[in-house]
Amino acid sequence: MWESWRRDIILGLRGLRKSPVFACTAVLTLALGIGANTAIFSFLYGLVLRSLPTRAPSQLVQVGIASAASVDPTGATFVPYRMLETLRTSVTSLSELSGWDLSRAVMDDDQGSLRDYGAGLVTGNAFQVISMRPYLGRLIAPFDDVRGAPAQGWPVVLSYGFWNDRFGADPAVIGKQVRIAGTQVTIVGVTPPEFKGVWPGNDVKVYLPIQFINVIAQRDLLNTPDSLFGCSVIARLKPGVSIASASAEVAHLQKSFFLQFIPVKYQHLPYFEKAYLRVDSARSGLPSYITHTYSKPLYLMQGLVGIVLLLCCINVGGLMMAKVYAREREFAVRVALGARVSRLVRQYLTESFLVALAGSALGALLAWRGCDLLLHFFRDPMMGESMSIHPDRFMFWAAAFFAVLSTLLFGFVPAWRAGHADPGDLLKSRTSLGGKRHIAGRMFVPIQVALSLVLVVLASLLSQSVIKLRNERTGFDIDHVTIQTSPLHLLKLPAEAKLNLYQRMVDRIAEMPGVTAVAVTSQTPLTGVEITSRFQADGQGPNPPEDSHMPYNEVGPGYFRTMHTRIVEGREFRKDERALNVCVLNRAAAAYLFPHEEPLGRYVRALDERDFPTGTACHVVGIAEDAKFFDVRQGPPRTLYFPITLQRIDRNLGNLVFLINSDNKASAAAAFRKALSELAPSIPLVLFVTLREQMDAALGSQELITLLSNFFSVLALLLSALGLYGLLSASVVQRTGEIGMRMALGAGRRLIIRMILLEAVSLLGWGVLLGGIVLLFAVRLIVSMLHGVSAFDPLTLLTVGLLLLIVTITAALVPALRAATVDPIESLRAE
């Protein structure tokens with residue numbers, strides 16, 4: 001059997017060597033389709049489909065609190081840390097429960113500068129629960145996770161990638177001490193290379209005991225009765241226990257647990273009044289913002305490149321059918337000499353597989369390089385280093401799968417035709433042979449046209465949406481404002497001293513050359529995140545009676561000047577205003593709260609005690625123009641602005657963001673570095689990002705889909721034109737006798753040209769009809785991405801239709817002219 005296969009491979013290679021143009025065309029066509037599918041599937045697998053590399057990942061579940069009052073779109077849940085220990089001893093359907101928290105830690109980089117790295121904080125049994133073994137040294141153990149610090153000092157476990165990049169894969173690193181968050185820790189182990197963390201897409205560099213959160217936060221979060229610090233919980237089901245039965249058990253315990261472990265001041269909030277405990281699968285890890293944000297675009301892109309692969313296979317199938325036609329008499333002779341049908345089918349499938357194998361090998365190389373290019377588009381809007389997808393051996397398995405799939409898609413029908421060659425046809429004329437082949441080959445072109453129509457329409461709609469989004473007015477300067485989020489909040493300073501430091505940094509940066517204005521803010525726009533609360537005009541309810549939830553932001557003095565958001569009435573905040581007793585409204589909020597009155601000088605009251613102290617009312621000191629906030633696709637929301645308060649700094653609610661309006665990004669970076677070195681040299685720098693780059697990040701996945709759609713729609717048009725050209729050229733050759741007979745009976749050249757063009761237009765019509773049906777369903781997948789354009793925009797559909805008509809006539813013109821030059825005497829003599 002091996003000898004037989006070897007002969008088939010040698011014959012296949014010889015056949016491809018004799019047809020270099022066909023081989024190169026087919027391989028390059030498949031390389032584009034297989035490479036694109038492999039690259040996108042690598043992302044889809046890495047972020048959504050991959051199981052944790054551990055024993056029985058289907059038994060892993062996450063346990064946590066969710067609420068009907070505020071559904072987290074990512075599906076993430078949490079458990080108060082103080083509740084975790086009681087859950088371990090109370091739930092019988094789960095064998096073990098472990099806590100996981102995604103955090104950040106400041107550490108020296110390889111050049112001695114401080115940097116902010118992703119850190120996983122885990123309970124002592126976390127790696128034991130997921131059955132993870134170390135690559136080097138040991139992992140976090142129960143004796144490491146103790147309050148204060150373990151007797152031997154804090155341990156840290158490095159991820160394999162970080163160990164390789166930061167320490168050069170030096171095994172002697174075990175036992176070495178490094179400083180994290182200003183505290184000495186000891187490297188005790190390295191995770192295995194296949195373990196990418198439990199948060200897909202997040203690049204966690206180090207793992208520390210969860211008790212280390214008290215060092216990072218500089219206060220005891222885990223053992224304070226009124227603390228609501230929570231972590232994600234991963235547990236393992238006991239043998240024979242289902243997720244449904246585990247959910248039923250924890251639901252039975254939730255009432256008593258909530259009363260015991262939810263602080264009284266939070267129990268009457270709407271979130272906890274409608275909260276419940278639930279159990280979900282953790283086979284692929286824990287849900288995150290990244291997986292939620294990119295899973296739908298990835299599925300959409302996988303469908304898009306899947307269509308392209310199908311189109312490539314159809315085109316190569318058409319080329320293979322042409323080869324079958326050219327070798328029809330060879331196959332008929334083989335059958336006449338006793339060759340089995342299965343033998344001929346296998347030989348031709350082997351040749352098809354060699355083409356697909358070469359295409360997949362080149363496609364895998366394209367995919368390897370393509371993953372790095374795709375990462376540019378798959379970015380968190382906060383512009384951190386959280387996205388991490390590394391090509392691995394699974395990419396080559398995916399490429400091999402697509403090679404086999406492609407072989408079946410484009411090789412089976414030609415192989416079947418080759419194996420069923422009729423020796424009796426040897427005695428027939430070419431013309432009589434041509435009719436059946438002509439009908440069989442016609443089915444490829446309408447399918448190509450239909451797929452091209454779908455791709456071109458989708459690409460056109462997405463392109464128009466991106467152009468409109470980029471050209472819309474945002475309400476702030478996106479080209480000259482640079483963002484820097486150095487963690488000054490980690491400094492051990494009183495609240496007032498820390499806020500004064502922020503202001504001194506602002507003042508010092510403003511003195512630097514090339515800087516126009518500087519300010520700090522709690523939130524930056526276009527990050528996909530907003531904080532809302534309920535507000536009303538003081539002394540009256542919302543008018544008109546609508547949902548009174550509005551986004552709000554805390555900003556420092558000079559914010560509106562820095563952002564170039566115009567103050568249309570009143571003023572912005574002064575340096576001495578550090579309380580919630582003053583506010584600035586944008587025009588939309590002013591018109592909503594004070595529809596028939598002058599808003600300046602009036603008061604706005606906060607209705608949510610969870611976000612604001614009881615009785616908080618702010619004096620309106622300014623009205624700003626409307627500006628977009630959390631989503632570039634939505635219009636400017638009703639927005640309130642408050643000063644940055646001492647209470648916020650005292651509660652350590654996170655870092656403030658520096659906004660630097662300057663001539664260019666380099667000037668802003670230089671100014672910030674100098675000011676930081678003078679005023680807070682122990683604080684690390686993070687990535688400098690402009691608002692334009694942040695907007696690009698917010699549009700990243702849509703821009704990638706648009707880019708791929710445009711590229712592959714052009715490729716689809718080219719493939720459709722080549723397919724139509726090939727079919728009509730073969731048709732002219734097959735119908736030479738018929739065309740000669742028509743011309744001998746008086747048909748003119750114009751009539752012959754019109755006949756071929758009408759055949760092309762007929763194929764186009766069937767393709768457009770089929771494509772229109774497919775488009776009715778396909779366009780629903782991108783409706784949520786469209787902005788300012790209708791899903792069935794008449795102008796777009798008409799333009800695409802005319803484009804397809806031009807491509808069709810262009811592709812058909814050469815075969816038509818060739819048919820018109822047929823010599824009737826020569827064609828009839830050949831018959």
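In the block above lies the structure referred to throughout.
Report follows, based on the coordinates. These numbers were taken from a predicted model, which means no experiment stands behind them.

## So, the nonpolar core
And then number 1: If you look at the biggest cluster of nonpolar residues, it comprises 70 residues, and the most contacted ones within it are Leu 298, Ile 739 and Ile 782.
And then number 2: Elements represented by at least two residues in this core include exactly helix H2 (20-49), helix H10 (289-326), helix H12 (341-375), helix H15 (444-471), helix H22 (700-734), helix H23 (736-744), helix H24 (749-778) and helix H25 (794-820).
And then number 3: A per-element tally of this core places H22 first, with 13 residues.
And then number 4: Apart from residues no more than four positions distant in its own chain, Ile 739 is found in contact with Val 732, Ile 752, Met 755, Ala 819 and Val 822.
And then number 5: If you look at the next biggest cluster of nonpolar residues, it comprises 55 residues, including Phe 78, Leu 158, Val 185 and Cys 231.

## Some details on empty space enclosed by the protein
And then number 1: Applying the stated criterion to the full structure yields 6 cavities of 30 Å³ or more.
And then number 2: Estimates place the volume of the largest cavity at around 110 Å³.
And then number 3: Lining the largest cavity are 15 residues; nearest its centre among them are Leu 499, Gln 503, Gly 556, Pro 557 and Ile 644.
And then number 4: For the lining of the largest cavity, the element with the highest residue contribution is helix H16 (residues 495-510), accounting for 4 residues.
And then number 5: Across the lining of the largest cavity, the residue classes break down as 9 nonpolar, 2 polar and 4 charged.

## Let's talk about the state of the cysteines
And then number 1: Under the criterion given, the structure shown has 1 disulfide.
And then number 2: Unpaired in terms of disulfides, Cys 313 finds its nearest cysteine sulfur in Cys 312, a separation of 6.8 Å.

## Quick look at unusual backbone geometry
And then number 1: Residue Ala 56 is not a glycine yet carries a positive backbone phi of 45°.
And then number 2: Judged by its relative accessible area of 26%, Ala 56 falls in the partly exposed class.
And then number 3: Even without being a glycine, Ala 181 presents a positive backbone phi close to 55°.
And then number 4: Within the secondary structure, Ala 181 sits in the loop between strand E7 (177-180) and strand E8 (183-190).
And then number 5: Using a relative accessible area of 29% as the deciding quantity, one classes Ala 181 as partly exposed.

## Structural notes on the pairing of strand E21 (residues 657-662)
And then number 1: Across the 6 residues of E21, 6 count as buried, placing the element largely inside the fold.
And then number 2: Here E21 shows no split at all, with Val 657, Leu 659 and Asn 661 on one side and Phe 658, Ile 660 and Ser 662 on the other all buried.
And then number 3: Bridging between strand E12 (residues 481-484) and E21 involves 4 bridges; their strand directions are antiparallel. Paired with Ile 483 across the bridge in E21 is Leu 659.

## Description of a nonpolar patch on the surface
And then number 1: On the surface, a nonpolar cluster with roughly 730 Å² of combined accessible area is contributed by Trp 766, Leu 769, Ile 773, Leu 776, Phe 777, Phe 792 and Leu 797.
And then number 2: Among the elements that take part in the nonpolar patch, H24 stands out by supplying 5 residues, more than any other.
And then number 3: Mapping Phe 777 onto the fold places it in helix H24.

Rules of the game
Residues numbered from 1 in each chain as written. Predicted model: local features only at pLDDT ≥ 70, side-chain atom pairs only at ≥ 80, totals over all residues. Heavy atoms only, no water. Core = buried A, V, L, I, M, F, W, Y, C linked by side-chain atoms within 4.5 Å. Buried < 20%, exposed > 50% of the residue type's maximum accessible area, 1.4 Å probe, protein only. Helix = DSSP H or I, 4+ residues; strand = E, 2+ residues; numbered from the N terminus. Contact = heavy atoms within 4.5 Å. 1 Å grid on protein atoms, 1.4 Å probe; cavity = no way out; pocket = protein on both sides within 12 Å on 5 of 7 lines; lining within 4 Å. Points joined across faces, edges and corners; volume = space filled by probe spheres on them. Nonpolar A, V, L, I, M, F, W, Y, C, P; charged D, E, K, R; others polar. Disulfide = S-S within 2.5 Å. Pairing = 2+ DSSP bridges. Patch = residues over 30% accessible without salt bridge, like charges linked within 9 Å, V, L, I, M, F, W, Y side chains within 5 Å. Areas by Shrake-Rupley, 256 points an atom, 1.4 Å probe, with all protein chains shown as cover. Salt bridge = Lys/Arg side-chain N within 4 Å of Asp/Glu carboxyl O.

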